[in-house]
Amino acid sequence: MTTQDRLTISRESKLDDAGYKWGFSTDVEMELAPKGLNEQIVQLISSKKNEPEWLLDWRLKAFDYWRKLHREDSEPRWAKLRYPEIDYQDIYYYAAPKSFDDAPKSLDEVDPEMLETFDKLGIPLHERERLAGVAVDAVFDSVSVATTYGEQLEERGIIFCSFSEAVQNHPELIKKYLGSVVPYTDNFFAALNSAVFSDGSFAYIPPGVRCPVELMTYFRINTEGSGQFERTLIVADEGAYVSYLEGCTAPIRRTSQLHAAVVELVALDRGEIKYSTIQNWYPGTKDGEGGVYNFVTKRGMTGDDAKISWTQVETGSAITWKYPSVILRGDNSVGEFYSVALANNYQQADTGTKMIHIGKNTKSTIVSKGISAGHGENTYRGGVKILPGAENATNHTQCDSLLVGDQCGAHTVPYIEVRNPTARLEHEASTSKVSDEQLFYLMSRGISEEDAHHMIITGWSRDVIKELPFEFALEAGQLLKVSLEGAVG
Amino acid sequence: MMTLNASKIEPNPIRHADVYRNDWDSFVANQSRNGSASDRAHELRRVGWEEFNRIGFPINRRGNELWKYTDLRQIDRMPFRFGAPSSGISLEAIAKMVPLPREWQNVVFVDGVRDPSIADSGSQSDGLTLRDVTAYEQLGALAGCESNAFVSLNSAFLDDGLMVDIDHDVESIKPLHVVFVSTGSDLGQRAVYPRIAVSVGRGSHATLIETHVSMADGSHLSVPVVEISMGQQSTLRHYRVQLDGEDSYHFATTRVKQGEDSRYRSTSFSMGSSIGRHDVLTMLDGEHAESTLHGVYMTTNRQHQDFEISTTHSVPHGTSDQYYKGILSGRSRAVFSGKITVERGAQKTDANQKDLNLLLSHGAEVDTKPSLEIYADDVKCAHGATAGHVDEDTLFYLQSRGVDYDTAQAMLIRGFAAEILDEIEDELLRTFLEDKLDELMPALQQASDTIGTA
């Protein structure tokens, strides 16, 4: 990053809306590969990471596949989203803080400015935050910064590290599970990610081990014009349990930033993974300028008696395209999806889940709450698929929409495909607004109109928020409040 | 600079384009010789043909939401012929298949043509005029082409059809029963493209029964289009009965435009055809309009039924209700794709949408997609969908009261359909359809392998 860039950015920061308090940018010297996407870039990323041959091959195959899709104009367009065509040659595919070439051995060696960034974000990176009981892997642009809490996890045989480290230290696990849930042929953005992913988190919980702390990754896009393509892989071996948290922010930029992540969850027999996300990427200005384009593929696969639960609070991004899903392969396995998605100003969210029932007696639950405000457009798009062998599968889906103001949109598009007659499925949905009676009741008790709105909206989202770990739940409540500022009252 | 990232639906070359073209050329040449039809009809034929010729059948389903679950390749493979001479059929033969009581005003179409040798049975009602659809000044206003292969085909081969003109303030008239019969053909697979236009005058109340039956052994293609325009404070009760043969293909379109305070209520009963599809679109253009779209579908063997049910609220205070129920057995498949759109400003809309399915056998499949698209905040919209099988406890309860297994099973299936059938006010029609369901019962039960397994 040049000095000139920096000046531009800080000026922009002042210009932009004050509502997004995570919008600061950080002056860290970055190493950038040239803009654009080609085989050389893929090779460069791989060699920067000192990757083994097979991984480079895999990336190149993914790149070939992506190029084919791109040539055939197969970028997915079925979502209810409007955005300008993305120029994939106008993006930095590799951005790493320069001081990382000689990687830090401990937190003390980490660039202080970067630590300050994470401090501003409120990430419990230091010793004192251990009290919070959270082990953090922070990903800055595309490179993993530091992992806390390492030793205690190690004692139990839990592996929690950056994806790059895992490739070096646990290649057998990566080779076995990478692409096993989301193959690079899965979709346009997954193919792109597979070709150019630069880092991410890896967690492995050995058989029978219950991870004593919540694992956490914090993602942040900093460099202007860069894409972030992180890859997360979590494996809960037989009978293992882990709760994983993911948070995301980005500085304020005039131009849009592309984020195309892949998350793969593997819960082997009797394993359980609870995955919580607070997505607060920069949503763009009030007039819909800039913001993060968030195209994410998240999917888990279950063994027998296993469970995967996704909880997400989506308040950020200009464009959200995201469908955390579960392939219920094992008998008696369980999939859950709890989501609050908010689209204010000119934000657009097309999000939901897909539950694919393969095993017998599989069970899935979907609770989706969509809030639309300003000129926001919010679409729930969900799929429930019962395959012929899924005897006695059950699904319950509830998706509710709340409209705040008369210029927004709320849409519900569920796809229910049943190929086994013993399945039982229920889908219900409703659309409403904050009722005048409720508002009046609260205001007559001396509560301001804005606070009353927040109370009602938070209460309405409660079914989802309560699924979050405690600290996250507090943050989510705050985030909803901040994100709705100006839309109500 | 903002572009809609909409799917680009690619046109498909028509496999038997020459067959369709030859039939169309001789059809329009014939029509010109007769010189009776209006310019509007001629224009619609031309535009319809050009559009169909451009887009072809939607066999390329990638990215095409409207045809996500229905494969049309076998339609494209067959050269369906228009204008094959009809083998002729007596009114008695038809009356054996469908009721033609004197209580109704019956109009019979054989192979898409209102056969003059079969007199319209039942007497003419005051306030209701029947004309050729080509004389309708609003022809095609609701269903022109709109990049829809089947509506385009219907427009291209627009024949006499039927225009139903109901005067203002007509209180009580006989139900109008329009029967479409398809017979076999020596020329190959027959195609018919009938069109009905209905205009209900201000303050009038009418009943339309639309019945499709086939007397053909082989396969045939039926592509009916119905355009309904409703004046202020009018009411139309529309029953639709689809009993085409199991080898036939049925692609129907119904479009309804509703004025202020109007009530459109439809109940559809679909049992026939190999691949059946019904596209319904009701547009609530006047305030306080009410639209009720109910239906029951039953599929056996390898039948495929697809319902694309759409309601658009463009003004405030509209009420709508979509409610469909399906009974599936054998290796059959049903698709329900409901859509409610509440446009910006259509405040105080109250919309409901529901699709419930009873799956009787392994091998049957239901794909249901009840969707909402809402751009107004002060609305009440709810939707739901279920799929399941006959409850074991209920079955056990009946058996414990001495009802044998088969009878108990049939009772439960009948009970599931009854909710829709019971709302048919016309007793003759209700009895006829209940009998039809009973006729189908053995086929439904034979293929069933799941009742009471859970």
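Each value, and the rule that gives it
Residues numbered from 1 in each chain as written. Chains lettered and ligands numbered in written order. Predicted model: local features only at pLDDT ≥ 70, side-chain atom pairs only at ≥ 80, totals over all residues. Helix = DSSP H or I, 4+ residues; strand = E, 2+ residues; numbered from the N terminus. Buried ≥ 20, exposed ≤ 12 C-beta atoms within 10 Å, placed from the backbone. Contact = placed C-beta atoms within 7 Å. Nonpolar A, V, L, I, M, F, W, Y, C, P; charged D, E, K, R; others polar. Pairing = 2+ DSSP bridges. pLDDT = per-residue confidence, 0-100. Axes fitted to C-alpha atoms, helices over the stretch in contact; angles between N-to-C directions. Parallel < 35°, antiparallel > 145°, perpendicular 65-115°, else oblique. Left-handed = near helix turned anticlockwise from the far one by under 90°. Expected span 1.5 Å × (residues − 1). Arc of directions from axis to C-beta.

Enquirer: So, the overall build of chain B: which residues are in play, and what are the values?
Expert: What chain B contains, in helices and strands, is 8 helices and 22 strands. When its C-alpha atoms are laid out on the principal axes, chain B stretches across 70 × 55 × 55 Å. Counting every position in chain B, which comprises 454 residues, the buried fraction comes to 52%. Counted over contacts in chain B with a minimum sequence separation of 6, partners at least 24 positions apart contribute 84%.

Enquirer: Can you tell me about the overall build of chain A, naming the residues and giving the values?
Expert: Helix and strand counts for chain A come out as 12 helices and 24 strands. Of all 489 residues assigned to chain A, the portion counted as buried reaches 57%. Sequence-distant contacts in chain A: of pairs separated by 6 or more residues, those separated by 24 or more amount to 82%.

Enquirer: Any details on the interface of chain A and chain B? Residues and values, ideally.
Expert: The interface of chain A with chain B comprises 38 residues on the first partner and 41 residues on the second. Of all the elements in the fold, those that place two or more residues in the side of chain A that touches chain B are β22 (394-404), β23 (409-418) and β24 (424-433) of chain A. With 10 residues, the single largest contributor to the side of chain A that touches chain B is β23(A). Here the residues of the side of chain A that touches chain B sort into 17 nonpolar, 11 polar and 10 charged. Both β24(A) and strand β22 (residues 380-388) of chain B contribute to a ladder of 7 bridges, which runs antiparallel. In the strand pairing of β22(B), A:Glu428 is matched with B:Gly384.

Enquirer: I'd like to hear about the pairing of strand β13 (residues 249-258) of chain B, residue by residue, with values.
Expert: Regular strands show a simple pattern: their side chains alternate between the two faces of the sheet. All names here are of chain B. Of all 10 residues that make up β13, 10 are buried, and the element is covered over most of its length. By the alternation rule, side chains of β13 split into Tyr249, Phe251, Thr253, Arg255 and Lys257 and His250, Ala252, Thr254, Val256 and Gln258, which are all buried. As paired strands, strand β10 (residues 220-222) and β13 are joined by 2 bridges and run parallel to one another. Among the inter-strand pairings, Leu221 is bridged to a residue of β13, identified as Tyr249. Direction of pairing for strand β11 (residues 225-230) relative to β13: parallel, over a ladder of 6 bridges. Bridge pairing links Ser229 to Lys257 in β13. For β13 and strand β15 (residues 275-284), the ladder comprises 10 bridges, and the chain directions are parallel.

Enquirer: Can you explain the environment of A:Ser372? Please cite residues and give values.
Expert: Residue and element names in this part refer to chain A. Tracing the chain through its elements places Ser372 in strand β20 (residues 363-373). With 23 residues separating them along the chain, Ser372 and Ala349 place their C-alpha atoms 9.4 Å apart. Discounting residues that sit within four places of it in the chain, Ser372 has contacts with Ala343, Glu377, Asn378, Ser401, Leu403, Val404, Cys408, Gly409 and Ala410.

Enquirer: Go over the confidence of the model for chain A with me, naming the residues and quoting the values.
Expert: Residue and element names in this part refer to chain A. When the pLDDT values of chain A are averaged, the result is 83; 79% of them are 70 or greater. Long-range and interchain partners of residues 1-18, a stretch whose pLDDT sits below 50, account for 19 contacts in this model, where long-range means more than four residues apart. Within the model, the stretch residues 124-133 combines pLDDT values under 50 with 17 contacts to residues more than four positions away or in other chains.

Enquirer: Any details on the confidence of the model for chain B? Residues and values, ideally.
Expert: Residues and elements named next belong to chain B. Per-residue pLDDT for chain B averages 90, and the proportion of residues at 70 or more is 94%. Counting contacts from residues 1-7, a segment whose pLDDT is below 50, to residues more than four positions away or on other chains yields 16 contacts. For this predicted complex, the interface confidence comes out at an ipTM of 0.89, alongside a pTM of 0.88.

Enquirer: Could you give an account of the environment of A:Gly247, naming the residues involved and the relevant values?
Expert: All names here are of chain A. If you trace the backbone, Gly247 turns up in strand β9 (residues 241-249). It is 13 Å that separates the C-alpha atoms of Gly247 and Pro469, two residues lying 222 residues apart in sequence. Those residues in contact with Gly247 that sit more than four places away from it in its chain are Tyr218 and Ile278.

Enquirer: Can you lay out the packing of helix α9 (residues 436-443) of chain A against helix α10 (residues 449-460) of chain A for me, pointing to particular residues and giving the numbers?
Expert: All names here are of chain A. Packing of α9 against α10 brings their axes to within 9 Å, and their N-to-C directions diverge by 125°. It follows from the interaxial angle that α9 and α10 lie oblique. For the pair α9 and α10, the sense of crossing is right-handed. Facing α9, whose interface residues are Gln438, Leu439, Leu442 and Met443, α10 presents Glu449, Ala452, Met455 and Ile456. When its residues are assigned to classes, the contact of α9 with α10 shows 6 nonpolar, 1 polar and 1 charged.

Enquirer: I'd like a description of unusual backbone geometry, backed by residues and values.
Expert: A negative phi holds for most residues other than glycine; trans holds for most peptide bonds. Residues and elements named next belong to chain B. Of note in the backbone geometry, Gln233 takes a positive phi value of approximately 55° without being a glycine. With respect to the helices and strands, the residue Gln233 is situated in the loop between β11 and β12 (235-243). The backbone of Asn301 sits at a positive phi, close to 45°, despite the residue not being glycine. Tracing the chain through its elements places Asn301 in the loop between β16 (290-299) and β17 (304-313).

Enquirer: Explain the pairing of β15(B) residue by residue, including any values.
Expert: Residues and elements named next belong to chain B. Of all 10 residues making up β15, 10 are buried, and the element is well covered by its neighbours. The two faces of β15 match: Ile275, Arg277, Asp279, Leu281 and Met283 on one face and Gly276, His278, Val280, Thr282 and Leu284 on the other face are all buried. In terms of strand pairing, β15 meets β17 through 10 bridges, oriented parallel. Among the inter-strand pairings, His278 is bridged to a residue of β17, identified as Phe307.

Enquirer: Before we move on, can you summarise helix α1 (residues 17-34) of chain B with the specific residues and values?
Expert: Residues and elements named next belong to chain B. Taking 1.5 Å per residue as the helical rise, α1 with its 18 residues ought to reach 26 Å, and the 26 Å between its terminal C-alpha atoms agrees with that figure. Considered for burial, the residues of α1 that qualify are Tyr20, Asp23 and Trp24. Across the axial projection of α1, the buried residues extend over an arc of 100°, all falling on one side. Opposite its buried face, α1 presents the exposed residues Asp18, Asp25, Ser26, Ala29, Ser32 and Arg33, each directed more than 90 degrees away. The inward-facing, buried residues of α1 contact α2 (39-55), β1 (81-82) and α5 (149-156).

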